[in-house]
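Residue-level structural notes
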Amino acid sequence: MSVKRICAAVLTLAMSLSLGACRNESDTFPNLKDASESVEQSESETTSSTGGTNDGIKTLKVALPYSEETVRCLSAMFYSKNNGTWDTSVTGADVDIKRLGSSATNYVIQNVGVTGDGASVENLNGWMSSGEVPDVYLAADPQAASSAGFATDINTYASRNQYVDGSKIYAAAMSVQMEDGKLFGIPHYCAATVIFGNRDYIPKNGRLQAKYTTEDFTRYLEQTYSSYKCVPLASGYELMPYLGSCFSDDKSVSYMMYDEYRANKEEAEALIASASGFVKKLYESKLAANTDKEGADPVYSRNAALWIGSSVNCKKWREYYPDKLYYLHLPCSSTSNPGIPYLRSYSLCVSNECADKSFAVDFAAFISYDEDAQMLIHRMENMEGLMPLVRSSKVWNMAANEGAFGSMVTDYRQTMDNAVYCPGSYDNLIYRKTNEYTATYFTGSNDRFNAEACYGLLD
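On a predicted model such as this, the values are computed, not experimentally measured, just so you know. Residue numbers restart at each chain and count upward from 1, following the sequence in its written direction. Note on the predicted model: pLDDT of at least 70 is required for a residue's local features to be given, and 80 or more for side-chain atom pairs to be given and counted; whole-chain, interface and lining totals, by contrast, use all residues. Excluding hydrogens and water, the side-chain values take into account all heavy atoms of the structure.

Considerations on the pattern of salt bridges
- Each salt bridge in this description consists of a side-chain nitrogen of Lys or Arg and a carboxyl oxygen of Asp or Glu lying within 4 Å of one another. The final tally for this structure, using the stated rule, is 11 salt bridges.
- Two residues, D370 and K81, come together in a salt bridge whose shortest N-O distance is 3.1 Å. Within this pair, whereas D370 is found in the loop between α12 (357-369) and α13 (371-380), its partner K81 is found in helix α2 (residues 68-82), the two being separated by 289 residues in sequence.
- Notably, a salt bridge pairs D417 with R391, separated by 2.7 Å at the nearest N-O pair. Linking D417 in the loop between α15 (406-415) and β13 (420-421) with R391 in the loop between α13 and α14 (393-399), this pair joins segments that are 26 residues apart in sequence.
- A 1.4 Å probe rolled over the protein chains alone gives each residue an accessible area, and that area as a share of the maximum for its type sets the label: buried under 20%, exposed over 50%, partly exposed in between. We classify D417 as partly exposed; its relative accessible area is 32%.
- Taken together, the salt bridges that share partners define one network made up of K81, D370 and D372. Here a strand is any run of E in DSSP of at least two residues, a helix any run of H or I of at least four, and the numbering for each starts at the N terminus.

Here we look at the pairing of strand β2 (residues 57-63)
- In terms of burial, β2 is a largely internal element, 5 of the 7 residues being buried.
- Any two strands with at least two DSSP-identified bridges between them are counted as paired. Relative to strand β3 (residues 107-111), β2 runs parallel, the two sharing 5 bridges. Along β3, the bridge assignment pairs T59 with V108.
- Of the strand pairs in this sheet, β2 and strand β4 (residues 136-139) are connected by 2 bridges, and their pairing is parallel. Residue pairing across strands places A63 opposite Y137, the latter belonging to β4.

As for the packing of aromatic side chains
- The pairing test for Phe, Tyr and Trp rings, Trp by its six-membered ring, is centres within 6.5 Å, and the orientation test on the planes gives stacked under 30 degrees, edge-to-face over 60, and tilted for anything in between. Enumeration according to the criterion identifies 35 aromatic pairs in this entry.
- Between Y170 and W396, the ring centres sit 6.4 Å apart and the planes meet at 85°, which makes this aromatic pair edge-to-face. Taken together, the residues Y170 in the loop between α6 (155-159) and α7 (171-175) and W396 in helix α14 connect sequence positions 226 residues apart.
- You can call Y170 buried: its relative accessible area is 6%.

A closer look at the nonpolar core
- The biggest cluster of nonpolar side chains holds 64 residues, and the ones touching the most others in it are Y137 and Y369.
- Take this core: its biggest share by element is 9 residues, from α12.
- Note on contacts: a residue pair qualifies if any of its non-hydrogen atoms lie within 4.5 Å across the two residues. When neighbours within four sequence positions are excluded, Y369 is seen to be in contact with Y163, V164, I169, M174, I186, P187 and V390.
- By size, the runner-up hydrophobic cluster in this structure holds 51 residues, among which are L221, L306, L330 and Y342. Remark: nonpolar core denotes a set of buried residues (Ala, Val, Leu, Ile, Met, Phe, Trp, Tyr, Cys) joined through side-chain atoms within 4.5 Å.

Here we look at the packing of α12 against α13
- At their nearest, the axes of α12 and α13 sit 5 Å apart, and the two run at 65° to each other. As judged from the angle between their axes, α12 and α13 are roughly perpendicular. Two secondary-structure elements touch here, α12 through F366, I367, S368 and Y369 and α13 through E371, A373, Q374 and I377. Only the stretch in contact is used when fitting a helix axis, every axis being a line fitted to C-alpha atoms; angles between N-to-C directions are given from 0 to 180 degrees. Under this scheme an angle from 65 to 115 degrees is roughly perpendicular, one under 35 degrees roughly parallel, and one over 145 degrees roughly antiparallel; angles in between are oblique.

Focus: unusual backbone geometry
- The backbone phi angle of D180 is positive, close to 55°, even though this residue is not glycine.
- Assignment of secondary structure puts D180 in the loop between β5 (178-179) and β6 (182-183).
- You can call D180 exposed: its relative accessible area is 74%.
- A positive phi angle is found at M257, which is not glycine, with a value near 60°.
- Summarising the element assignment, M257 is placed in the loop between β8 (231-234) and α9 (258-263).
- Given the relative accessible area of 0%, M257 is considered buried.

Some words on helix α8 (residues 214-228)
- Expected span of a helix, by definition, is 1.5 Å for each gap between consecutive residues, and there is one gap fewer than residues. Relative to the 21 Å expected for 15 residues at 1.5 Å per residue, α8 spans 21 Å between its end C-alpha atoms, a close match to the ideal helical length.
- Along α8, the positions that sit buried rather than exposed are T214, F217, Y220, L221 and T224. On an axial view of α8, the arc spanned by its buried residues comes to 120°, and they lie on one face.
- Tucked into the core, α8 has its buried residues touching β7 (186-198), β8, α10 (265-284), β10 (304-310) and β11 (325-328).
- Of the residues one or two after α8, K229 is the one with positive phi, at around 55°. Throughout, the arc means that of the directions going from the helix axis to the C-beta atoms.

Comments concerning the pairing of β11
- Alternating positions in β11 separate into two faces, L325 and Y327 on one and Y326 and L328 on the other, with burial throughout.
- In this sheet, β11 lies alongside β7 in antiparallel orientation, the contact comprising 4 bridges. For G197, the partnering residue across the bridge sits in β11 and is Y326.

Structure representation (structure tokens):
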């Protein structure tokens, strides 16, 4: 594969990316350095395989959240495009699936499977104990996987890959996978932090509009409580980390305002006070609660009108709330503002044990960024709640047709360049500390939000 130069300014991160909170950098693409070619040559010339051989046939073990048929078709498409046999008159949206799936390749892609939320460090430890760590896997948190010794630096391989192109994919999503100039993941798709709603508890005045303010939100919760005596907002503390932009005139603010806190504690504390004060009042007014009257989680007991969560769980909640689920964006400072998406990027990591890292990265980048590969995935899989990280309008149009969440996808596409990428796994220290502190603060007696206690003195 020919070397592709990526011309961009070097991204300066405002914080250690191992903590996972990152503001958007819409105009920059990380400078992926092309290291000595001898590294790739020595691996590509190794005719052994990735994870074993079968009569000299290269094999790659992957952990993807897709069916065997989808992975088989992606593998065949990858082979066809790399060998000049792809019929350019068809696309991933209309190619003959049966014919594609039966195509021969000179390698084997074996999928051991993983959930759409990715593999945690616990999952990786389990694979390691059984000697079955996949060569390529969807990670719940790439930095945590790297710190635990399960993800290798793929900077060199990505810098040479034709699909890792800053003009075709979202730069900030790639940036948050880097630490100290090292790249540990190929962003594959993303999910948004949204507010889920139960249609059983929509007030008589009707549901909120797509864009609404904090004042509108409070009024809506008041109407809900007056009408149903349910829990208007379940576990409202989970909203706190995503309110920074709302209280900063919809300018991009990092997850839990941590970047801002490291840069200027005094200014950040004022922002934190506004966000925490808003949530505190919801609890004091009985508009938010962590449990229902019986002491159960109100979301699972179906006694909650609204709750905060990741769109990666759309399919799960739709099964639990059949024909009752609806979605809201996070509140804005005013309805005229476009809103700042708070996203979580799910990436494909390459194991340290992988014998052919170049081939592994090529396959991971292909299924993440090739337009036809992405259309094929959205055609064959239920991707509701998940959004692409390629700019292709064809792929986004398919994502916009994925279930009830599709209308939200159209909104997010317009604001993707302003997105803030956030941690979302308990493997991530700042995510874990934030949730532990906020869960107790808003139901306690402390008046002042203690940022140092929340962040856990991570420095």
